Amino acid sequence: MFAKIIRILGVITLLLTTAMHLLGGIGTTCVAFAAEKYDSMSGIVPYKTLYQVFVFLTLAISVYGIFATAAYLRGKAKAYTRVVIFLMVALLLSGIHMYTSLALRGGAAPINVRVYLNVLTLLVWLLFLPPGVRPSLVDGGRDEGSAGAAGAALIVVGVLTLTVQYWAAPSHIMNGGINYADAFHLPMTIAGWVTATLGAALLRRDLFRKVEVNPVLSVGQKAA
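Residues numbered from 1 in each chain as written. Predicted model: local features only at pLDDT ≥ 70, side-chain atom pairs only at ≥ 80, totals over all residues. Heavy atoms only, no water.

With that settled, the discussion passes to the overall build of the protein. The helix and strand inventory of the protein stands at eight helices and two strands. Starting at the N terminus, the α and β elements of the protein follow one another as α-α-α-α-α-α-α-β-β-α. Within the protein, contacts between residues separated by at least 24 positions form 75% of all contacts whose residues are at least 6 apart in sequence. Accessible surface computed for the protein: about 11800 Å², of which carbon and sulfur atoms make up 72%. (Helix = DSSP H or I, 4+ residues; strand = E, 2+ residues; numbered from the N terminus. Contact = heavy atoms within 4.5 Å. Areas by Shrake-Rupley, 256 points an atom, 1.4 Å probe, with all protein chains shown as cover.)

Next up on the list: the confidence of the model for the protein. For the protein, the average pLDDT comes to 78, and 75% of its residues sit at 70 or higher. In the model of the protein, strand β1 (residues 173-174) stands out as the element of lowest mean pLDDT, 65, in contrast to helix α4 (residues 79-105), which has the highest, 92. (pLDDT = per-residue confidence, 0-100.)

Let's shift gears to the packing of aromatic side chains. According to the stated counting rule, one finds four aromatic pairs in the structure shown. Arranged with centres 6.4 Å apart and planes meeting at 85 degrees, the rings of Phe33 and Phe56 form a pair that is edge-to-face. You can see Phe33 sitting in helix α2 (residues 29-34) and its partner Phe56 sitting in helix α3 (residues 48-73), a full 23 residues away along the chain. By relative accessible area, which is 42% here, Phe33 ends up partly exposed. Of the residues examined, Phe56 reaches a relative accessible area of 54% and is grouped as exposed. (Phe/Tyr/Trp six-rings, centres within 6.5 Å; stacked < 30°, edge-to-face > 60°. Buried < 20%, exposed > 50% of the residue type's maximum accessible area, 1.4 Å probe, protein only.)

For α4, with 27 residues, the first-to-last C-alpha span of 38 Å sits near the 39 Å given by 1.5 Å per residue. Looking one or two places after α4, you find Gly106, whose phi comes out positive at around 75 degrees. (Expected span 1.5 Å × (residues − 1).)

With respect to the helices and strands, Ala19 occurs in helix α1 (residues 2-27). A relative accessible area of 14% means that Ala19 is categorised as buried. Spatially, the C-alpha atoms of Ala19 and Leu154 are 9.0 Å apart, while their sequence positions differ by 135 residues.

Below, the structure written as structure tokens:
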């Protein structure tokens with residue numbers, strides 16, 4: 001039971017962390033390629049090339065995280081190792097990004113949120129390492145319940161994507177009140193609805209599978 005709870009928590013936090021890194025990489029493009037347009041980002045202007053590197057590396061590690069997550073949910077061999085590698089590299093990269101922003105502009109929001117979430121997720125995944133837990137969860141230990149956890153997490157990610165212009169606004173309002181968290185409104189809206197719909201479909205399939213399986217088990221138990 002404990003192993004199953006940890007696995008579900010791991011899937012949810014992993015998907016959230018991957019989504020936050022992906023959104024962060026996309027969101028940093030504005031500063032990385034046009035920092036001079038934002039008053040509060042003047043300290044970054046001489047270092048735009050560095051921030052462009054942050055963008056490309058963040059997007060690259062996010063894509064790797066997506067494939068690592070998919071491999072884990074499908075019970076592929078070595079998937080656990082890939083997920084841990086993703087979390088460690090993403091934490092190192094986002095940590096460097098956070099401290100660079102602190103040094104250059106005196107603030108780390110919203111990159112600090114990504115760092116804290118990544119730390120939490122890595123800690124959760126390291127709970128898989130004890131001998132009594134790890135064998136049942138990794139390298140082919142597929143659990144159909146992961147589909148429901150993934151569905152729930154994708155719904156949350158979809159909602160976060162759809163509402164990013166609101167919850168990210170405090171750190172993205174610049175140049176006299178312009179909300180740059182809403183700079184990619186249409187693509188973010190499409191991505192949010194697609195993600196939430198996919199999550200709902202996975203969650204629905206998982207719930208209906210349990211409904212179909214339980215009656216069969218009950219009949220078998222009565223027959224015994």
